[in-house]
Amino acid sequence: MEVPVSFVLVLAFICLSHSLELQNALDRLKRSQEHVVSDPSDCVSRTRQPVSANPHNFSVDIRMPAVVPAASDTYLCTAFSVPTSQDAYIVDFRPHASMDTVHHMLLFGCLTPVSTSSYWDCGSVQGTCEDEASIMYAWARNAPPTKLPKDVGFKVGRSSGISHFVLQIHYGDVSAFRDHHRDCSGLTLQMTSKPQPFIAGIYLLMSVDTVILPGKKETNADMACDYSSYPIYPFAFRTHTHHLGKVVSGYRIRGGKWSLIGRQSPQLPQAFYPANKDVSVKYGDTIAGRCVFTGEGRTSKTYIGATSADEMCNFYIMYYMDSRHAVPYMTCMEPGSKELFQHIPDEANMPIAVSPADINSMMHMRHSTDHQDNRLLWDDNKEALDQDYHLEQVGGWPLDSLQVGQVSGLALDSDSNLVIFHRGDHHWGADSFNSQARYQQRSVGPIQQSTILVVDPTKGTILKASGRDMFYLPHGITTDKNNNYWVTDVALHQVVKVSSDGRDRTVLALGEAFTPGSDSSHFCQPTDVAVDGDTGNIFVSDGYCNARILKFSADGRYLSEWGAGSSDRRRRIPFRIPHSLVFLPDRQEVCVADRENGRIQCFIAQTGEFVKEIKKEEFGGEVFAITYSPAGDGLIFAVNGESPFGSAPLRGFVIDYSTLDILDIFKPEEKEFKMPHDMVERGDGCVFVGDAGSKSVFKFTTEKLHRSVKKAGIEVQELEEMETFVQTKLRPEHNMSKAAAVQEKQTVARHEAYTEAAEKKKSAAQPSRGQAVLPAIITTLLLVPLLLLLSTGLFICWRKNNRCEVKSEPSSVGGIWGKIRGKAVGSLNLGNFFASHKGYSRQGFDQLSTEGSDQDRHDVDSSDSENEEYSALPPPHPPS
């Protein structure tokens, strides 16, 4: 039986109408994500009341009041009064804009805006403020939110000279408003009335007279000014040019030496990126910057100007300074001398490549950022952690017993293999040292076993062993970029650099063997070593009978030392066994586990300046070891120890470096910790803890999270495969196998498990609109026509005495149905159907069968092994 032509036409009309409705829905979705509305009442600047029990905190929404720019390159401004007559401080900025609509956005602070209208054209002579305006924030190219350091804020209100905010938005291409929507882009300011010890400010370097010649491959725009105020400490920087900019760099010049503040491609999201924390600026320094442009592709000169056809060269430095001397805004528009810029580092003219993936991420970053449930900095009501997101012990690891002694130190080599430092048959007991801290068992000789073991982190098998007849009482270990081992021996009172070539060769020894001391050439039971991978500088925690951190150059030359820190110098408490060290490469800081004080302290690596302290009741009075991961805003991993003053259980902790919140608490499931002594994080979510008491190493991972991804992620994965089908012709190279997709999801999940844990419950209960609507639209777009065809087929089959065998007729509806064969509709395999049409790849569709459950067939048995963790009877409790 042939299907009537009229029926086919009706079916086509229905599908066309449905697709138009979907397109309209997509347009509405896009506008909603860009913060544009048709109702001006939905777009109001206002102050929000405190969201927590802290009465000092509030937020301010500053939005464009549903505007429609009349022409391209329009600058519109709106003003909002600081909502308090007292001093207040901005501690966070959250942008609400998309580069599809907004070219860039600036927030000014001043006393008197030039207009009291709801908004005005500020690209003309009228401008922004009647008095001097201070730039407080800048945004462009879908830049993510900017977070200020703790105890730092932009001062506004009574004594600041800033009583109004002025939001300026540059609308570059008015064609974005062809659908006559109205825009309410803007900012949310997180504020507090609590005084901040450090005040933030903006230093702007700007070129005003650069001319870019057409066809010229490279044009430099240079800026330089002498600095003549109180010290400032840059913590973030931002670059801004238009399309011709290749790279923008900023420097401090002191004594003829150029020190980089920051360097970035202006074609990447124009966010505030972390500045080089080693660089501060003081009276007598010079601040300099360079923008590199290309005139290739241009047929006329390009000047510095306000339109998108012009260019700009801006380098913003966000800094903080002591509140007593705060200057909120400084500028530099001097070109600098040619003689000065003859010495600028070569890197300033090296373009930073921007890949298509970077451009694509810019387009999507705004939407994904908006749907994150970013917790306010002052929110006292912590979300309970989702138990699916936490470290669990890997049972049955290692596969075979390692036969180690007291495990004192852990590290990773350059291949991310686990390195174990243990004491073999030596033990630290009550009679190991006399009252002068001299080792009493020297006559026994060194440890005859291999004290350094390189272990496969997956299986736990030994790959390499070294360190025989070298050490007496091993303690801490780390590795450098050349894979050398840096170890401490509390019996030797030394720090030793050992080659990793298996020849047990001592490359360098610091301290005098078996001789304790407190000067720069002696140690007293040193505990740990940390290495700066860039400079090679090493840091030593010293130790059981000294209370200090020492810094040495890579060749062992003494540089400096310091003791415990405190924000209140009058209440500084000295170290009581600085027991574990870790270097934070992304922050250029060193953190120490101050064992008997039950706290973690962090210092600037270059100067030893105190940064912060982490002390939690959950530690129970002692912190034995720490390690660090740069994931998210930084994660501190810690393990506590038994304390005579408390009864807290022995556990591991995952701590957000920025907020100091405990994100996770973990412990072994098969056997308890006895004396967790050191730990290391591998970078893939795996954490290893060495236990001196049980002579064992525990491995923890977010395996429970992985199982959740595998089991609960199938539905999401199928939607992604649907989307792959839609894009097959455009991007066939982007298709991936199901296994590869799962692996990629797991890798991402491991890195984000802790930083997103506190928000997952909320996002699970309220899925983001952007994530929920688009897959639903795609699914509907694909399935509705199929359902219509399926219904028609059933009707045809019924008319033909329930026969579902249809002849294949190319270029007809019957031809399509000829590809759908089976005894029942339940066995329809969409993979076979799609694979047979229009050249679509089968890859990713073979599991889209309506027969049975994907979860039933492909559920991976990821339960942990029940094998017991090996251990030995614990020795008498040592002081180590």
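Residues numbered from 1 in each chain as written. Predicted model: local features only at pLDDT ≥ 70, side-chain atom pairs only at ≥ 80, totals over all residues. Heavy atoms only, no water.

The next point concerns the overall build of the protein. On a plain count of helices and strands, the protein comes out with 11 helices and 48 strands. Across the 880 residues of the protein, 51% fall into the buried class. Long-range contacts, defined as pairs at least 24 residues apart, comprise 67% of the intrachain contacts of the protein with a sequence gap of at least 6. In the form shown here, the protein has an accessible surface area of approximately 40,200 Å², with 51% of it arising from carbon and sulfur atoms. (Helix = DSSP H or I, 4+ residues; strand = E, 2+ residues; numbered from the N terminus. Buried < 20%, exposed > 50% of the residue type's maximum accessible area, 1.4 Å probe, protein only. Contact = heavy atoms within 4.5 Å. Areas by Shrake-Rupley, 256 points an atom, 1.4 Å probe, with all protein chains shown as cover.)

A word on the nonpolar core. Counting residues in hydrophobic clusters, the biggest one holds 55 residues, and the most contacted among them are Ile90, Leu107, Phe154, Val156, Phe165, Leu189 and Met191. Setting aside residues no more than four positions away along its own chain, Val156 makes contact with Val82, Gln86, Asp87, Ala88, Ile90, Met136, Ile162, Phe165 and Met191. Of all hydrophobic cores here, the second largest spans 25 residues; its members include Tyr203, Ile212, Leu244 and Ile287. (Core = buried A, V, L, I, M, F, W, Y, C linked by side-chain atoms within 4.5 Å.)

If you walk across this open sheet you meet the four strands as E38-E39-E40-E41, and the pairing is antiparallel. Each of the sheet's edge strands pairs with one partner strand only, and the pair in question is strand E38 (578-584) and strand E41 (610-614). Adjacent strand axes in the sheet meet at a mean angle of 20° when their direction is disregarded. Sheet analysis places strand E40 (residues 599-604) next to E41, joined by four bridges and oriented antiparallel. Bridging across to E41, Gln601 finds its partner in Glu613. (Pairing = 2+ DSSP bridges. Axes fitted to C-alpha atoms, helices over the stretch in contact; angles between N-to-C directions.)

Moving on: the sheet that holds strand E32 (residues 494-498). What the four strands build is an open sheet, ordered E30-E31-E32-E33; its pairing is antiparallel. The open sheet has two edge strands, strand E30 (474-479) and strand E33 (506-510), and neither has a second partner. The mean angle between the axes of side-by-side strands here comes to 20°, regardless of whether they run parallel or antiparallel. Note that E32 and E33 share four bridges and pair antiparallel. Its bridge partner being in E33, Val498 is matched across the sheet by Thr506.

Before going further, it helps to examine the pattern of salt bridges. One pass over the structure, following the stated rule, counts 12 salt bridges. Arg505 is paired through a salt bridge with Asp501; the nearest N and O atoms lie 3.6 Å apart. Here Asp594 makes a salt bridge to Arg599, at a shortest N to O gap of 2.7 Å. Of the two residues, Asp594 and Arg599, both sit in the buried class. A cluster of three or more residues bridged by salt bridges with shared partners is formed by Asp501, Arg503 and Arg505. (Salt bridge = Lys/Arg side-chain N within 4 Å of Asp/Glu carboxyl O.)

This part takes up the pairing of strand E44 (residues 652-656). If a strand is regular, its side chains alternate between the two faces of the sheet. Among the five residues of E44, five are classified as buried, and the element is accordingly described as predominantly covered. Judged by which residues are buried, E44 turns out to be covered on both faces: Gly652, Val654 and Asp656 on one side and Phe653 and Ile655 on the other are all buried. Relative to E44, strand E43 (residues 635-640) runs antiparallel, the two sharing five bridges. Looking at the pairing, Leu635 lines up with Asp656 of E44.

Bringing the pairing of strand E14 (residues 198-206) into the picture now. Of all nine residues in E14, seven are buried; the element is thus mostly enclosed. Pairing of E14 with strand E24 (residues 329-332), which is carried by four bridges, proceeds in the parallel orientation. Bridging across to E24, Tyr203 finds its partner in Met330.

The step from Trp397 to Pro398 runs through a cis peptide bond, and the omega angle for that step is -5°. Within the fold, Pro398 resides in the loop between strand E25 (392-393) and strand E26 (407-412). The phi angle at Asp73 is positive, at roughly 60°, despite the residue not being glycine. Even without being glycine, Ser416 reaches a positive phi, approximately 65°. Following the sequence through the fold, Ser416 ends up in the loop between E26 and strand E27 (418-422).

Once that is clear, we can look at the environment of Gly533. With respect to the helices and strands, Gly533 occurs in the loop between strand E34 (526-531) and strand E35 (538-542). Spatially, the C-alpha atom of Gly533 lies 6.3 Å from that of Asp480, the residues being 53 residues apart in sequence.

Taken residue by residue, the protein gives an average pLDDT of 76. The fraction at 70 or more is 69%. Note on residues 704-773: pLDDT is under 50 here. Beyond four places in sequence and across chains, it has 106 contacts. Under a pLDDT of 50 for its full length, residues 801-878 has, in the predicted model, 129 contacts with residues more than four places off or in other chains. (pLDDT = per-residue confidence, 0-100.)

Here we come to the environment of Ile573. Structurally, Ile573 is set in the loop between strand E37 (558-562) and E38. Taking the relative accessible area as the measure of exposure, Ile573 reaches 43% and is therefore partly exposed. Each C-alpha atom, one on Ile573 and one on Asn597, is 8.6 Å from the other, the two residues being 24 residues apart in sequence. Not counting residues up to four positions away in its chain, the partners in contact with Ile573 are Ala564, Asn597 and Arg599.

Another point: the packing of aromatic side chains. Enumeration according to the criterion identifies 32 aromatic pairs in this entry. Both rings, one in Tyr251 and one in Trp258, keep their centres 5.5 Å apart while their planes meet at 75°; by these two values the pair is edge-to-face. Here Trp258 falls in the buried class, since its relative accessible area comes to 13%. Between Trp428 and Tyr544, the aromatic rings sit 4.8 Å apart at their centres with planes inclined by 65°, giving edge-to-face as the arrangement. With Trp428 in the loop between E27 and strand E28 (452-455) and Tyr544 in the loop between E35 and strand E36 (548-552), this pair connects stretches of sequence that are 116 residues apart. Tyr544 shares its class with Trp428; the two are buried. Note that Lys612 overlies the ring of Tyr657, its terminal NZ or CZ placed 3.7 Å from the centroid. (Phe/Tyr/Trp six-rings, centres within 6.5 Å; stacked < 30°, edge-to-face > 60°. Lys NZ or Arg CZ within 6 Å of the ring centre and 35° of its normal.)

Attention now moves to the state of the cysteines. With the rule as written, the count across this model stands at six disulfides. Sulfur-sulfur distance for the disulfide between Cys110 and Cys129 comes to 2.2 Å. With the S-S bond torsion at -70°, the cross-link from Cys110 to Cys129 turns out left-handed. Of the two residues, Cys110 is situated in strand E6 (residues 104-110) and Cys129 in the loop between strand E7 (120-121) and strand E8 (134-140); the sequence distance between them amounts to 19 residues. (Disulfide = S-S within 2.5 Å.)

For Lys699, the location among the structural elements is in strand E48 (residues 696-701). The exposure class assigned to Lys699 is buried, which follows from its relative accessible area of 9%. Looking at Lys699, its side chain comes within polar contact range of the main-chain oxygen of Pro457, at 2.8 Å. Not counting residues up to four positions away in its chain, the partners in contact with Lys699 are Glu392, Gln393, Val394, Trp397, Pro457, Thr458, Cys686, Val687 and Phe688. (Polar contact = N/O pair within 3.5 Å; in protein donor to acceptor, adjacent residues only side chain to side chain.)

Before going further, it helps to spend a moment on the environment of Asn276. As for its position among the elements, Asn276 is in the loop between strand E20 (273-274) and strand E21 (286-293). In the structure, Asn276 is positioned 310 residues away from Asp586 in sequence and 9.3 Å away in space, judged by C-alpha atoms. A polar atom in the side chain of Asn276 sits 3.0 Å from the backbone nitrogen of Asp278.

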